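Working through the structure, step by step
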Amino acid sequence: MRAEPSHPPPDPLAAEQTHLDESRAALTQMRRQTAGLTAQGADRIATEHLKQVLHRRMLSLQDDPTVPLFFGRLDYATDLGAEHDETLYVGRRHITGEAGGEPLVIDWRAGMSLPFYRARPADPMHVRRRRRFGFSSGALTAYEDEDLVGGPAVEGAERGTGSSILQAEIERPRTGPMRDIVSTIQPEQDVIVRAGLDQSVCVQGAPGTGKTAVGLHRAAYLLYAHREQLSRSGVLVVGPNASFLSYIGDVLPALGEIDAGQATVESMLADATELEVRGTEPAARARLKGDARLAEVLRRAVWSHVAPATGTLVLPRGIHQWRVPAYLADEVVAELRERGVRYEAGRTMLAQRLAHQVLLRMEAAGDSPDDRVQAAVARSREVKAYVSGLWPALDPARLVLRLLTDAPFLAEAAAGLLDDDEQRELQGGRPGRTPRSARWTLADVALVDEARDVLMRTPSLGHVVLDEAQDLSPMMLRAVGRRASTGSMTVLGDLAQATTPWSVGSWEESLAHLGQPDAVVTELVEGFRVPGLVIDYAARLLPVIAPTLTPPYSVRRSAGELDLRRSDAPLTATVTAAREQLEQAGTVGVVVADAQVAEVAAALGGAGVAYALLGEGTAEADPEDHADVRRVELVPASLVKGLEFDHVVLLEPARLVAAEADEVTGLRRLYVCLTRAVTTLVVVHAADLPLALAA
């Protein structure tokens, strides 16, 4: 009897690598086909539009060989209720094969991808097996299977945290900008990400819970699920500062989405009002200018310019003089006011209504005027002058400047709303004589934007993502909310990290100012980035800074490192700590009080440690340190919010606290700074630690 030749068992990893190679080749072909298309519309405008569509399509198909095209696999089974026995690979974008157009990779946002994030043994969602892949530099290195039907119980399997591949991805060192989290989204995060376009969502997220990433992935999901609608109405991501926007700027493009705009509150308002923010002011005045009562003050100030008619409208036309009496003009004005129209719309309508009254008199005299005659009458010099007397044109910047400099005008508009002391405080800054020469503050520009909206309606976008919302004043919240008056919002923040004197203090009030009172408020407390030792240490501050919030906790297996160093030479100790962290993989953030930036920069430079100052250029102390230039970042405490580093060296907590207007705000700033570390936190101090931390 002849023995059958033996064959080695198939290598699953090699088979999956083959699928990856085929997927990459198919993506290249998709891009090549798109590049070969010619934009030819019915006219020049349509052709240009098609060119833009093709250009965006080309950008969305760009391939980064260091990023895996898929990270998961789902094995659907008919005996579990699926329509077909099929295997689907889940990735960042849809990739179609040449033969029959079968998908090689399905988009993570597609409905068929949902079980990758939410299936569990109690509800397998028609899936027998879920496979996760491990990658290095874009190459497949490992896989891990989870049998959703009858498999052995695995600790953390209900949440997905039992996966060693997932844990490795969560704990992978950070370098450069924020990465997407499509391969590690947790079930409670996925519920937020896939919330419908008609639903506004507010996420109260503790540090490291991924709230920013969740908000960005929700934007990506909505752009996928409602592409046609949002391509018309638009999506905007609003962040706290330019450094933060730079940090998150690669997330949506990595997911194939390039159509979302980005702005800070300052840049958004500056663009809308065409005013530059150049001034600063005391916290008390900025807080008052951010008070929601100012919205009513501005509304009164605008409408106070509408005056009763003082004479008859007389319109010479040919041999006739047509007259509209003052009482009738007042009735027209009153009717328009009752309709609740915007100021400028009412002014335009007033000219048309007066012209209509003239036409009625022409018809009564036997004439037969048409719409062209009415339009000509509305544009006539006499009607324009009469309208300007009743309903004058206004400039929002000049109106706000007058409120801030004209005491009687402010007193009339603020009667019953602001007391005498508040009115004096409001006018204490004296920003300037003209809108162009004034040194406008951010709070001022928010007032101008409010006045502008009273004059003419602010266009609404389809969806707005607002991050670090806890730091905005009521007037700033109103400004952002206007950009989504007919759309929806994703509001992100952490009340424990509110560090501005004008912050609101509760999500219910913030959502009311945003015009989204029915938004669903969700709390995320499970941390995926901040180590357990670090988050537990920082959470000691919560009973003082946010006693109503649920304390966060870390689900990471690695507890991280926490090192408290008291030193009589804190600058030297800070440099030493930074050097030590450079011996580890990942980024190093040296976080200091704003007033200490210059002396810490000098200490780092003097010790030969190359660094980059957040938001500015790079300082190279020694050419030999070039490899470390982008690994050490000197970060003013006021700019660290929303960022993260593998290793953080934090200098003088007591000085951070003392730099703020009050102790609670200072402790909140400290809480922000303490929770930026992904692996290691070194706290260097000469002064005693705040009592809450020293307990």
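The preceding data block contains the structure.
Reading guide: rules and limits
- Residues numbered from 1 in each chain as written.
- Predicted model: local features only at pLDDT ≥ 70, side-chain atom pairs only at ≥ 80, totals over all residues.
- Heavy atoms only, no water.
- Buried < 20%, exposed > 50% of the residue type's maximum accessible area, 1.4 Å probe, protein only.
- Helix = DSSP H or I, 4+ residues; strand = E, 2+ residues; numbered from the N terminus.
- Pairing = 2+ DSSP bridges.
- Core = buried A, V, L, I, M, F, W, Y, C linked by side-chain atoms within 4.5 Å.
- Contact = heavy atoms within 4.5 Å.
- Arc of directions from axis to C-beta.
- 1 Å grid on protein atoms, 1.4 Å probe; cavity = no way out; pocket = protein on both sides within 12 Å on 5 of 7 lines; lining within 4 Å.
- Points joined across faces, edges and corners; volume = space filled by probe spheres on them.
- Nonpolar A, V, L, I, M, F, W, Y, C, P; charged D, E, K, R; others polar.
- Domains from an automatic or database assignment.
- Salt bridge = Lys/Arg side-chain N within 4 Å of Asp/Glu carboxyl O.

Details of the pairing of strand S1 (residues 70-76)
Consecutive residues of a regular strand have side chains that alternate between opposite faces of the sheet. Of all seven residues that make up S1, seven are buried, and the element is covered over most of its length. The sheet contact formed by S1 and strand S2 (residues 86-91) spans six bridges and is antiparallel. Opposite Phe70, over in S2, you have Gly91 as the bridge partner. Across five bridges, S1 lies against strand S5 (residues 127-136) in antiparallel orientation. For Leu74, the partnering residue across the bridge sits in S5 and is Arg130.

Describing the nonpolar core
Ranked by size, the top nonpolar core spans 165 residues in total, and within it Trp108, Trp391 and Leu674 carry the most contacts. What Leu674 contacts, discounting residues up to four positions off in sequence, is Val534, Tyr537, Ala538, Leu541, Leu650, Leu681, Val683 and Leu693. Counting 21 residues, the second largest nonpolar core, distinct from the first, contains Val588, Val592, Ala601 and Val682.

Overview of helix H26 (residues 597-606)
When we look at burial in H26, the residues that qualify are Val597, Val600, Ala601 and Leu604. Seen from one end, H26 has its buried residues packed into an arc of 105°, which puts them on one side. Exposed residues lying more than 90 degrees from the buried face of H26 are Ala598, Ala602 and Gly606. Of the surrounding elements, those touching the buried residues of H26 are helix H25 (570-582), strand S18 (588-592), strand S19 (611-613), strand S21 (632-636) and strand S22 (645-651).

Here we look at empty space enclosed by the protein
On inspection of all chains with the given rule, the structure shows three cavities of 30 Å³ or more. Here the largest cavity defines a volume of roughly 440 Å³. Taken together, 29 residues line the largest cavity, and the ones lying closest to its centre are Met178, Gly208, Gly210, Arg529 and Glu644. Counting only elements with at least two residues in the lining of the largest cavity, the list comes to helix H4 (164-170) and helix H6 (211-225). Top element by residues in the lining of the largest cavity is H6. It accounts for three residues. Split by residue class, the lining of the largest cavity holds 10 nonpolar, 10 polar and nine charged. Counting only domains with at least three residues in the lining of the largest cavity, you end up with domain 2 (192-274 + 461-527) and domain 5 (532-615 + 629-693). The space that makes up the second largest cavity amounts to roughly 50 Å³. Lining of the second largest cavity is provided by Gln204, Ala206, Asp494, Ala496, Glu523, Leu524, Val525, Leu542, Leu549, Thr550, Pro552 and Tyr671.

Considering unusual backbone geometry
Although it is not a glycine, Glu274 adopts a positive phi angle of roughly 60°. One non-glycine residue, Glu468, adopts positive backbone phi at about 55°. Taking relative accessible area as the criterion, Glu468 reaches 4% and is therefore assigned buried.

Looking at the pattern of salt bridges
Applying the stated criterion across every chain yields a total of 39 salt bridges. Between Glu335 and Arg353 there is a salt bridge whose closest N-O contact spans 2.6 Å. Of this pair, Glu335 sits in helix H13 (residues 326-338) while Arg353 sits in helix H14 (residues 343-364), and the two are 18 residues apart along the sequence. For Glu335, a relative accessible area of 29% translates into the label partly exposed. Among the salt bridges present, the one from Arg478 reaches Glu450, with a minimum N-O distance of 2.6 Å. Of the two residues, Arg478 is situated in helix H21 (residues 474-482) and Glu450 in helix H20 (residues 442-455); the sequence distance between them amounts to 28 residues. Using a relative accessible area of 28% as the deciding quantity, one classes Arg478 as partly exposed. The exposure class assigned to Glu450 is buried, which follows from its relative accessible area of 3%.

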